[in-house]
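# Architecture and fold: a report
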Amino acid sequence: MPRRFSIPAPGDFVLRRDYCSYGYFLLWPNHWSVADEVVTRALALPGGPAVVRIAQPTEGRREKAGRPLAIEASRTLDRRDAAEVRARLTRMLRLDEPAERIGEFHGVDPRHQRSGRGRLMRSPTLFEDLIKTVTSCNVQWPSTVVMNRRLCEVAGDRAADEGPVTHTFPSAERLARTRPGTLRARCRVGYRDARIVDLSRRFAGEEGARLAGWMEDPATPDDALWEALLELPGIGPYAAANVMQLLGRYHRLPLDTESLRHGRAVLGMKGTDRALMKRLHAHYAPFGPHAFRSYWFELWDFYESKHGPSWTWHRDTTGTQFTASKLSV
DNA sequence: GGTAGACCTGGACGC
DNA sequence: GCGTCCAGGTCTACC
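Read on for a plain summary of the structure. (Residues numbered from 1 in each chain as written. Chains lettered and ligands numbered in written order. Predicted model: local features only at pLDDT ≥ 70, side-chain atom pairs only at ≥ 80, totals over all residues. Heavy atoms only, no water.)

Now for the pattern of salt bridges. Counting across every chain of the model gives 25 salt bridges. The partner of Glu-37 in a salt bridge is Lys-64, and the shortest N-O contact between them spans 3.8 Å. With Glu-37 in the loop between β2 (30-33) and β3 (38-43) and Lys-64 in the loop between β4 (50-55) and β5 (69-73), this pair connects stretches of sequence that are 27 residues apart. On the basis of relative accessibility, which here comes to 18%, the residue Glu-37 falls in the buried class. Note that Arg-202 is salt-bridged to Asp-198, the shortest N-O span being 3.8 Å. Here Arg-202 and its partner Asp-198 are both found in helix α8 (residues 193-202), 4 residues apart, which amounts to about one turn of the helix. Taken together, the shared-partner salt bridges connect Arg-4, Arg-53 and Glu-72 into one network. (Salt bridge = Lys/Arg side-chain N within 4 Å of Asp/Glu carboxyl O. Helix = DSSP H or I, 4+ residues; strand = E, 2+ residues; numbered from the N terminus. Buried < 20%, exposed > 50% of the residue type's maximum accessible area, 1.4 Å probe, protein only.)

Laid out in structure tokens, this is it:
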């Protein structure tokens, strides 16, 4: 199998817009090159770790939408490795979400029809999404950035000696056997240490794979999934709602203090935090199964009004600025 | 069922 | 340079 190959993209897909659509694109082991619009990402593959670069060349055409993705790996990939790369990137970029579903969202919320926004970037695995969500709770964004970088450097597998990404994201198995004290001291995760280890134990091995498969299955009932997520250590109502949207279920809203800021500053809402939460839920309820996308892209538009298009944000500068206090109007 | 306080880190601020 | 305060969501004990 060559080190270079391509992956077809849905007709509406634009790499820079759809990859730079959720904050996790700024977290290790992800890297977006603003200058050449290339994603660099380390992946754990059956044959060992590798770094992959993802671009969407236009081959002279002006229009990027729907052009295939060009993949370049740091080493030769065998058939199993290449299949795994396709599967992980399909999840991360939501390449299997039909363009019709994005059109459905634009029908419900036409504000985003012109930009074409609708796809939301996520992690290559549910486990990474869970840990990233836990590291984003009760902490300001710069600390989330630090935690994810150190988790990769301390517990990830080395995939390259240099470049913007050197390590994979740690596996559930690896974190399950890491001492909480190590995570606290070396990864700066604080009191999340034991919760991360406990969470990792649930997603390690074959049993963990079965649990992840059940959670990823679109046939799993929403309420059962919600209850199962709340059972996980470190996952409360906010985190569970966030993981629900990461699983493609957009009707629940992960509202936090950033949502309150948005409600007051952008939507002109007034009242106590509790009252505002109710108003925010009511505000987005008309968007039904697309409520989160309406909320999120409204928020994203605000961020872009402050910092320019998201594909011009640098991971290590602009990408550390996203906290409610720094975004206050 | 609702609420208060602890948990931990890093940044801001005052001295 | 040091100490204090604060932001942030989850968890537990208590009413």
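Within the structure, DNA strand B sits among Ser-143, Arg-184, Arg-188, Gly-190, Tyr-191 and Arg-274. For DNA strand B, the backbone portion of the atoms within 4 Å of the protein, that is sugar and phosphate, comes to 95%. Arg-274 has a polar side-chain atom sitting 2.4 Å from a phosphate oxygen of DNA strand B. Looking at side-chain class alone, the surface near DNA strand B contains 1 nonpolar, 2 polar and 3 charged residues. (Near = heavy atom within 4 Å. Polar contact = N/O pair within 3.5 Å; in protein donor to acceptor, adjacent residues only side chain to side chain. Nonpolar A, V, L, I, M, F, W, Y, C, P; charged D, E, K, R; others polar.)

At the junction of Trp-28 and Pro-29, the peptide bond is cis and its omega measures out at 0° in the coordinates. Structurally, Pro-29 is set in the loop between α1 (15-19) and β2. With a phi close to 55°, Glu-37 is a non-glycine residue in the positive phi region. We note that Arg-188 has phi near 60°; this positive angle belongs to a residue other than glycine. One can find Arg-188 in the loop between α7 (180-187) and α8.

A few words on the sheet that holds strand β1 (residues 4-7). Pairing is antiparallel in the open sheet, where 5 strands are placed in the order β1-β5-β4-β3-β2. The sheet terminates laterally at β1 and β2, the two strands that pair on one side only. Strand-to-strand twist of the sheet, defined as the mean angle between neighbouring strand axes without regard to direction, takes the value 25°. In the packing of helix α2 (residues 79-93) onto the sheet, contacts are made with β1, β2, β3, β4 and β5, and the angle to β1 comes to roughly 40°. (Pairing = 2+ DSSP bridges. Axes fitted to C-alpha atoms, helices over the stretch in contact; angles between N-to-C directions. Contact = heavy atoms within 4.5 Å.)

This part takes up the nonpolar core. Tyr-19 and Leu-69 are the most contacted members of the largest nonpolar core, which has 54 residues in total. For this core, the element with the most residues is helix α14 (residues 291-307), which contributes 9 residues. The contacts of Tyr-19, once residues within four sequence positions are left out, are Val-14, Phe-25, Asn-30, His-31, Trp-32, Val-39, Met-92, Leu-93 and Met-121. Ranked by size, the runner-up nonpolar core spans 38 residues in total, among them Leu-126, Met-147, Ala-172 and Ile-235. (Core = buried A, V, L, I, M, F, W, Y, C linked by side-chain atoms within 4.5 Å.)

Looking now at the packing of helix α10 (residues 222-230) against helix α11 (residues 237-246). Interhelical geometry of α10 versus α11 gives an angle of 130° and a closest axis separation of 9 Å. As far as their axial angle goes, α11 and α10 are oblique. For the pair α10 and α11, the sense of crossing is right-handed. Residue-level inspection shows Asp-222, Leu-225, Trp-226, Leu-229 and Leu-230 of α10 in contact with α11, the latter providing Pro-237, Ala-240, Ala-241, Val-243 and Met-244. Class assignment for the residues of the contact of α10 with α11 results in 9 nonpolar, no polar and 1 charged. (Parallel < 35°, antiparallel > 145°, perpendicular 65-115°, else oblique. Left-handed = near helix turned anticlockwise from the far one by under 90°.)

The next thing to look at is the side chain of Arg-119. Mapped onto the elements of the fold, Arg-119 is located in the loop between α3 (99-108) and α4 (126-135). Residue Arg-119 is classed as buried on the basis of its relative accessible area, which comes to 1%. There is a polar contact of 2.8 Å between the side chain of Arg-119 and the side chain of Asp-12. Other than its neighbours up to four places away in sequence, Arg-119 contacts Pro-10, Asp-12, Phe-13, Asp-18, Ser-21, Leu-93, Arg-94, Glu-97, Pro-98, Ala-99, Ile-102 and Phe-297.

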